Amino acid sequence: MCSNKANLLNKLSEAVLEMEEDEVVEISNEYIKSGYPVIDAIMDGLVDGMNKAGQLFEEEEYFVTDILLCSDAMYQGLNILKPHLPLEDGEKKVKGIIGVVEGDTHDIGKNLVKIMMETEGFEMIDLGRDVPSVKFIEEAKRINASFICLSTLMTTTMDGMKEVVELLKENEIRDDIKVIIGGGPISKKFAESIGADGYSKNAIEAVKLIKNLLNVS
Amino acid sequence: MGGVILKTKKPLCAYEYNIYEKKHALGINDLDFPKIYSDKDGIVTLSTKIKEDLNSPFCKLPFCHTLEAEALGGVIDLGNSKFGPRGKQYICSNLEDFLNLDMINYKKGRIFENINAIKSLKSKDEKVLFYISGPFTILNILMDPIIIFKAIRKENQLIDIVFKKIMIELLKFIEELKEAKVDIISYGDPLASFDILGRKTLAQVVEKFTHPFLKEIDFNFDKSLLFHLCPKTTDSLLLTDKALIKEVITEPINYQKACINMIGKEKFIGEMCINNNSFILKNSKIKAIKIN
């Protein structure tokens, strides 16, 4: 039985890594029927595959499109497995807000960061793209967010990031929320100039940065 | 970040013009928007003012990368002085939806107004550069890009048909621009870059679209204009051995002016972002691109 479970988990991880969403669905359904703990399929199957993909991304073997397709396969598996999870034991996830600032609709990078954050166990509220600055604040207050991730690919919309930081100050919640930024024209220097807590050049770095800032493992 | 082969040191897409920051200098106010983006006279006025502000050798149109997608039926937020036109919501759930969209009608909408703006500018002896967008930029406005990436990986025949439709549309658009007497057509598709697609997928895209598209333009070339390539596109061609660089002697001048000088002499130029108006060709050479 153990080797069958290990076999299924290995196949699930490989299917995510190979972007084979049909296989992920098939194996997930087979796993459910087997009766093994669902959380193991998620963590040691799906997330394991996603982490391997992340590793290949860091090594520049996988690229943005590969990660998006791997995540698509992972989410297909999650859709099947999650409803079979036992009721949550009260462990609260760290919550983050993510979005592309107003005026910009390029969201591939943002989607990548969201995927990697969720893979690491953060609960992400995705505001989408072209998001007015005030919306970040409203949502951060509503869900009691610990951090905000801002993304843009355009120089003409970068000021929106500064606006978010300023609005957090005006609402007297700046000290409660970490702000990290990223995107094509963004730099560490720009992050410092607007008072953000950090800049990350890619999705993998974003996860490490937030973990560091929030002091979580 | 820069070109993989061209090895440009500065970020390739860092030369956008901020209309909002410059509106006082341009003598325009918030009430002029969004009409100024969509009305022939407004387009002419704004592009002329920007050209003067930048001391650029040409007027640049359009002010966004949404024209083609909008003309295909895309829903666009025309924006304001602060944020220009951009996609508002997806209209396609899959590639079949895209294939069912009507062909572009060049006699209506913002695309019509922009083409008329070119004619108006040309009647005032202005040089005009016009941007056209590639398949990923167009499709990204109409649908979730994951649909496209999946299709490239798993639905070869379908993506071929999609690329064919886009190629037909863009070649027709180029004919319209030629008729309007545009001086430079600048082609770019930033999402179809090495950073995002990776080598394998990039090679497929170049094979299926970029190379045959540019070969078609090469074959039917009109010497009255220059075809400028975004350096990311140039890079993708060089990485896949679909093009060669030929250094052409010019003068130690601004890249934009050098491009104007290449009209009628070379077909394709593409070593720097055409928006970069501070790049000087210090070694008096410009890189022409020869499509293999």
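These numbers come from a predicted model, not from an experiment.

Another aspect to go through is the overall build of chain B. When its secondary structure is counted, chain B shows 12 helices and nine strands. For 292 residues, the compact-globule estimate of 2.2 N^0.38 gives 19 Å, and the C-alpha radius of gyration of chain B, at 18 Å, lies within 12% of that figure. The principal-axis extent of the C-alpha atoms belonging to chain B is close to 50 × 45 × 35 Å. Out of the 292 residues in chain B, the part that is buried amounts to 58%. The long-range fraction of contacts in chain B, counting pairs at least 24 apart against all pairs at least 6 apart in sequence, stands at 74%. Of note, chain B has its 43 positive side-chain charges centred 4 Å away from the centre of its 37 negative side-chain charges.

Residues and elements named next belong to chain B. Between helix H7 (residues 135-142) and helix H8 (residues 145-154), the least distance of the axes is 8 Å, while the angle of their chain directions is 130°. What the angle tells us is that H7 and H8 run oblique. Touching Phe 136, Leu 139 and Asn 140 of H7 are Pro 145, Ile 148, Phe 149 and Ile 152, all from H8.

Our focus in this paragraph is the pairing of strand S5 (residues 184-188) of chain B. Along any regular strand the residues' side chains alternate between the sheet's two faces. Residues and elements named next belong to chain B. Across the five residues that make up S5, a large majority, five, are buried. Residue alternation in S5 divides its side chains into two sets, Ile 184, Ser 186 and Gly 188 and Ile 185 and Tyr 187, and both sets are buried. Both strand S4 (residues 128-133) and S5 contribute to a ladder of five bridges, which runs parallel. From the neighbouring strand, Ser 133 faces S5, where its bridge partner is Gly 188. Pairing geometry for S5 and strand S6 (residues 226-229), over four bridges, is parallel. Across the sheet, residue Ile 185 finds its bridge partner in S6, namely Phe 227. Following the chain from S5 across helix H10 (residues 194-219) to the adjacent parallel S6, one finds a crossover that is right-handed.

This brings us to a negative patch on the surface. Taken together, Glu 14, Glu 18, Asp 22, Glu 23, Glu 26 and Glu 30 of chain A make up a surface patch of like negative charges. Tracing the sequence through the fold places Glu 18 of chain A in the loop between helix H1 (2-17) and helix H2 (21-34).

Counting residues at the interface gives 26 residues for chain A and 28 residues for chain B. Regarding the contact of chain A and chain B, the summed buried area is about 2300 Å², with carbon and sulfur atoms giving 53% of it. The largest share of the area that chain A buries against chain B comes from Phe 63, Thr 65 and Thr 156 of chain A, three residues that together contribute 22% of it. For Glu 163 of chain A, the salt bridge identified is with Lys 82 of chain B, shortest N-O distance 2.8 Å.

All names here are of chain B. Tallied over the full model, the rule gives 15 aromatic pairs over all chains. When the ring of Phe 130 is compared with that of Phe 173, the centres are 5.6 Å apart and the planes differ by 80°; the resulting orientation is edge-to-face. Separated by 43 residues along the polypeptide, Phe 130 in strand S4 and Phe 173 in helix H9 (residues 156-179) bring together distant segments of the chain. Both residues of the pair, Phe 130 and Phe 173, count as buried. Ring centres of Tyr 255 and Phe 279 lie 5.7 Å apart, and the angle between their planes is 55°; on these two criteria the pair is classed as tilted. Note that Tyr 255 is positioned in helix H12 (residues 255-261) and Phe 279 in the loop between strand S8 (268-269) and strand S9 (285-291), a separation of 24 residues in sequence. Residue classification places Phe 279 among the partly exposed residues on the basis of a relative accessible area of 23%. Here a set of aromatic residues connected by ring pairs shows up, and it is made of Phe 136, Phe 149, Phe 163, Tyr 187, Phe 209 and Phe 213.

Reading the values: the criteria
- Residue indices begin from 1 for each chain and proceed along its sequence in written order.
- Think of it this way: whatever chain is written first is A, whatever ligand is written first is 1, and the rest follow in order.
- Confidence filtering applies because this is a predicted model: local features only for residues at pLDDT of at least 70, side-chain atom pairs given and counted only at 80 or more, and all residues used for totals across whole chains, interfaces and linings.
- Side-chain descriptors were evaluated using all non-hydrogen atoms of the structure, hydrogens and water having been removed beforehand.
- Runs of H or I in DSSP of at least four residues are treated as helices and runs of E of at least two as strands, each being numbered from the N terminus.
- We compute the radius of gyration over the C-alpha atoms and compare it with the globule rule, which gives 2.2 Å times the number of residues raised to the power 0.38.
- Accessible area is worked out with a 1.4 Å probe on protein chains only. A residue is then buried under 20% of its type maximum, exposed over 50%, and partly exposed in between.
- The criterion used for residue contact is that any of the two residues' heavy atoms lie within 4.5 Å.
- When charges are tallied, Lys and Arg are placed among the positive residues and Asp and Glu among the negative ones, while His and the ends of the chain are skipped.
- For this purpose, a charge sits on NZ of Lys, CZ of Arg, CG of Asp or CD of Glu.
- Lines are fitted to the C-alpha atoms to define the axes, a helix being fitted only along its stretch in contact, and any angle between axes, read from their N-to-C directions, falls within 0 to 180 degrees.
- With respect to orientation, any angle under 35 degrees is reported as roughly parallel, any angle over 145 as roughly antiparallel, any angle of 65 to 115 as roughly perpendicular, and every other angle as oblique.
- Strands were regarded as paired on the criterion that DSSP finds at least two bridges between them.
- By convention, a crossover is right-handed whenever its connection, traced from the first strand over the helix to the second and viewed with the strands pointing away, goes clockwise.
- For patch detection, residues must exceed 30% relative accessible area and be free of salt bridges, and they are connected within 9 Å for like charges or within 5 Å for nonpolar side chains (Val, Leu, Ile, Met, Phe, Trp, Tyr).
- Each accessible area is a Shrake-Rupley result for a 1.4 Å probe, and residues are judged covered by the shown protein chains and nothing else.
- Here, a salt bridge means any side-chain nitrogen of Lys or Arg that lies within 4 Å of a carboxyl oxygen of Asp or Glu.
- As used here, buried area is the combined drop in accessible area, with a 1.4 Å probe, of two parts when they are placed together.
- Two aromatic rings, drawn from Phe, Tyr or Trp (for Trp, its six-membered ring), form a pair once their centres lie within 6.5 Å of each other, and the interplanar angle then sorts them: stacked below 30 degrees, edge-to-face above 60, tilted otherwise.

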